[in-house]
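# Examining the three-dimensional arrangement
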Amino acid sequence: MSSISVRRIKKSFAALTILHSVDMEIEKGEFVVILGPSGCGKSTLLNVIAGLEECDEGQIVIEGKDVSGLEPSERGLAMVFQSYALFPAMTVRRNLSFGMEIAGTPKATVAEKVAWVAKLLQIEALLDRKPGQLSGGQRQRVAIGRALVRSSSICLFDEPLSNLDAKLRAETRVELKQLHETLGSTMIYVTHDQIEAMTMADRVAVMHKGKVEQFAHPQSVYEKPASLFVAGFVGSPAMNFLEGNLDGLGRFVTGDVSIDTSAYAFEGPPLAREAVLGVRCENISIVERGTPQTIPAMLAFTELLGADALAWFDCLGKRFSVRLGVEAARSMRKEVGLRFDMAKASLFSVASERRL
Ligand SMILES: Nc1ncnc2c1ncn2[C@@H]1O[C@H](COP(=O)(O)OP(=O)(O)OP(=O)(O)O)[C@@H](O)[C@H]1O
């Protein structure tokens, strides 16, 4: 049985449709990240699951029970927001215990749970401080702690790390992932940060314009993006794209260049059609210009990144990135040929924008 089933959820604000029939089955104990650009409907979807927004159509089923008509407090979920939403006048201890006290939890249990979560999140030394006396990262941990003491088996997070600086964000990301492993609870985490998605998720739901474009393991989202949008959104630098045609005879043709596609695992029949070839920067090798089945390219500039480097080339009217060793980048020739590893490439239909 799924932990959470999102079934054909539709949601509009006035004339604007925000969610177009979203379906998602989330397993018990899964860490699911909802990833997408600003405005694609991630928070709206999370709010519909939490019951903070009512949907126009569809159902939310949590642990086998249809909760669509229930209040947020009746859904048995814990939620952490970007804004922390701590009570400024209360100590950390009180912030943690308040919800349980309101719910009439026995005093001894409240104290036990506060002690447990404070130890887990390493905020024991902060219990008598007020939120104003904490750093951003500490406040964030208190907000997470407040969600955890609810002993809910499901936790929802809406961009919880976006107010933290880069270093703290990276540390808290690791802590959250470890916490998930310790607790085994189901977590849904909204972000527009692909590093968070790639590092934390068991599965990533990539959203675009109110639809889930792909719902898969982060590595398969990276290696086998289901659509042109996913291919362009996930990965840094972005995937290199080349427009052309599949000739129906096993070749991708662009300008004067024709590339054998026999190493490519087509999902359907490789029919003749307009197509986009996508290749990541680490799947391109540099060869002599004029080598058959390669693209002629002119070096524009190189970027040394410390551990490795990126070389940027102009070819067929596009800018292409190629990942290289630092030494290779330093001695890069101006005029080269680019060979694509077709086994690791992606092909998309121009008409449907979906993977072929
Ligand atoms: N209460 C509301 N009334 C009207 N429009 C809304 C409301 N809430 C959200 N929207 C609109 O719905 C769209 C989706 O918003 P949502 O917050 O779900 O996006 P998001 O993907 O979470 O974006 P972000 O990463 O910027 O938070 C946006 O265009 C937003 O302006």
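What counts, and where the lines are drawn
- Residues numbered from 1 in each chain as written.
- Predicted model: local features only at pLDDT ≥ 70, side-chain atom pairs only at ≥ 80, totals over all residues.
- Helix = DSSP H or I, 4+ residues; strand = E, 2+ residues; numbered from the N terminus.
- Buried ≥ 20, exposed ≤ 12 C-beta atoms within 10 Å, placed from the backbone.
- Contact = placed C-beta atoms within 7 Å.
- UniProt positions renumbered as here; feature names shortened; annotations may be inferred.
- Axes fitted to C-alpha atoms, helices over the stretch in contact; angles between N-to-C directions.
- Parallel < 35°, antiparallel > 145°, perpendicular 65-115°, else oblique.
- Left-handed = near helix turned anticlockwise from the far one by under 90°.
- Nonpolar A, V, L, I, M, F, W, Y, C, P; charged D, E, K, R; others polar.
- Pairing = 2+ DSSP bridges.
- Domains from an automatic or database assignment.
- Near = placed C-beta within 6 Å.
- Core = buried A, V, L, I, M, F, W, Y, C linked by C-beta atoms within 7 Å.

This paragraph deals with the overall build of the protein. Tallying secondary structure elements over the protein gives nine helices and 20 strands in all. With the C-alpha coordinates aligned to their principal axes, the bounding extent of the protein is approximately 80 × 45 × 35 Å. A total of 356 residues make up the protein; the buried ones form 39% of that total. Summarising the internal contacts of the protein: among those between residues at least 6 apart in sequence, 63% fall at separations of at least 24.

What follows deals with the UniProt feature "domain: ABC transporter" (unreviewed entry) in the protein. In the numbering used here, UniProt assigns the "domain: ABC transporter" (unreviewed entry) feature to residues 4-234. Structurally, residues 4-234 is divided into 36% helix and 26% strand, and its ends, taken at the C-alpha atoms, are 25 Å apart.

Turning our eyes to something else, we now look at helix 2 (residues 92-102). Turn by turn, an α-helix covers 3.6 residues, leaving residues three or four places apart pointing in a common direction. All buried positions along helix 2 are accounted for by Val92, Asn95, Leu96, Ser97 and Met100. Of the residues flanking the end of helix 2, it is Gly104, one or two places downstream, whose phi is positive at about 80 degrees.

Our focus in this paragraph is the packing of helix 2 against helix 3 (residues 107-120). For the pair helix 2 and helix 3, interaxial distance at closest approach is 10 Å and the crossing angle is 135 degrees. The orientation of helix 2 relative to helix 3 falls into the category oblique. Considering only the axes of helix 2 and helix 3, their crossing is right-handed. Here helix 2 contributes Arg93, Leu96, Ser97, Met100 and Glu101 to the contact with helix 3, which in turn contributes Val110, Lys113, Val114 and Val117. Looking at side-chain class alone, the contact of helix 2 with helix 3 contains five nonpolar, one polar and three charged residues.

With mixed pairing, six strands are arranged side by side in an open sheet as 6-7-8-3-9-10. The open sheet is flanked by strand 6 (77-80) and strand 10 (211-216), the only strands paired with a single partner. The average undirected angle you get between the axes of adjacent strands in this sheet is 15 degrees. Judged from the five bridges that link them, strand 9 (residues 203-208) and strand 10 form a sheet pairing that is antiparallel.

Our focus in this paragraph is the domain arrangement of the protein. The assigned domain composition of the protein is domain 1 (4-232) and domain 2 (238-349). Using C-alpha coordinates to define each centre, domain 1 is positioned 39 Å away from domain 2.

Sheet strands pair by backbone hydrogen bonding; their relative direction is either parallel or antiparallel. Across the sheet, which stays open at both edges, the five strands sit in the order 15-19-16-17-18 with antiparallel pairing between neighbours. Across the chains shown, the open sheet's two edge strands, defined by having one partner strand only, are strand 15 (284-287) and strand 18 (318-324). Pairs of neighbouring strands in the sheet enclose a mean axial angle of 45 degrees, with direction left out of account.

Surveying the vicinity of the ligand reveals the residues Phe13, Ile18, Gly36, Ser38, Gly39, Cys40, Gly41, Lys42, Ser43, Thr44 and His192. Split into classes, the residues belonging to the shell around the ligand amount to three nonpolar, seven polar and one charged.

So, on to unusual backbone geometry. Look at the link from Ser236 to Pro237: it is a cis peptide, with omega at 0 degrees. Topologically, Pro237 is positioned in the loop between helix 8 (228-233) and strand 11 (240-246).

Looking now at the pairing of strand 19 (residues 335-340). Of the two faces of strand 19, only the one carrying Val336, Leu338 and Phe340 is buried; Glu335, Gly337 and Arg339 on the other face are not. Taken together, the four bridges between strand 16 (residues 295-304) and strand 19 define a ladder with antiparallel strand orientation. If you follow Ile295 over to strand 19, its bridge partner there is Leu338.

What follows covers the nonpolar core. Judged by nonpolar contacts, the single largest core of 94 residues is most densely connected at Val33, Ile34, Ile49, Ile188, Val206 and Leu338. Looking at which domains feed residues into this core, each of domain 1 (4-232) and domain 2 (238-349) gives three or more. Sequence-distant contacts of Ile188, that is, excluding residues within four places in its chain, are made with Ile26, Val32, Ile34, Leu46, Ile49 and Leu156.

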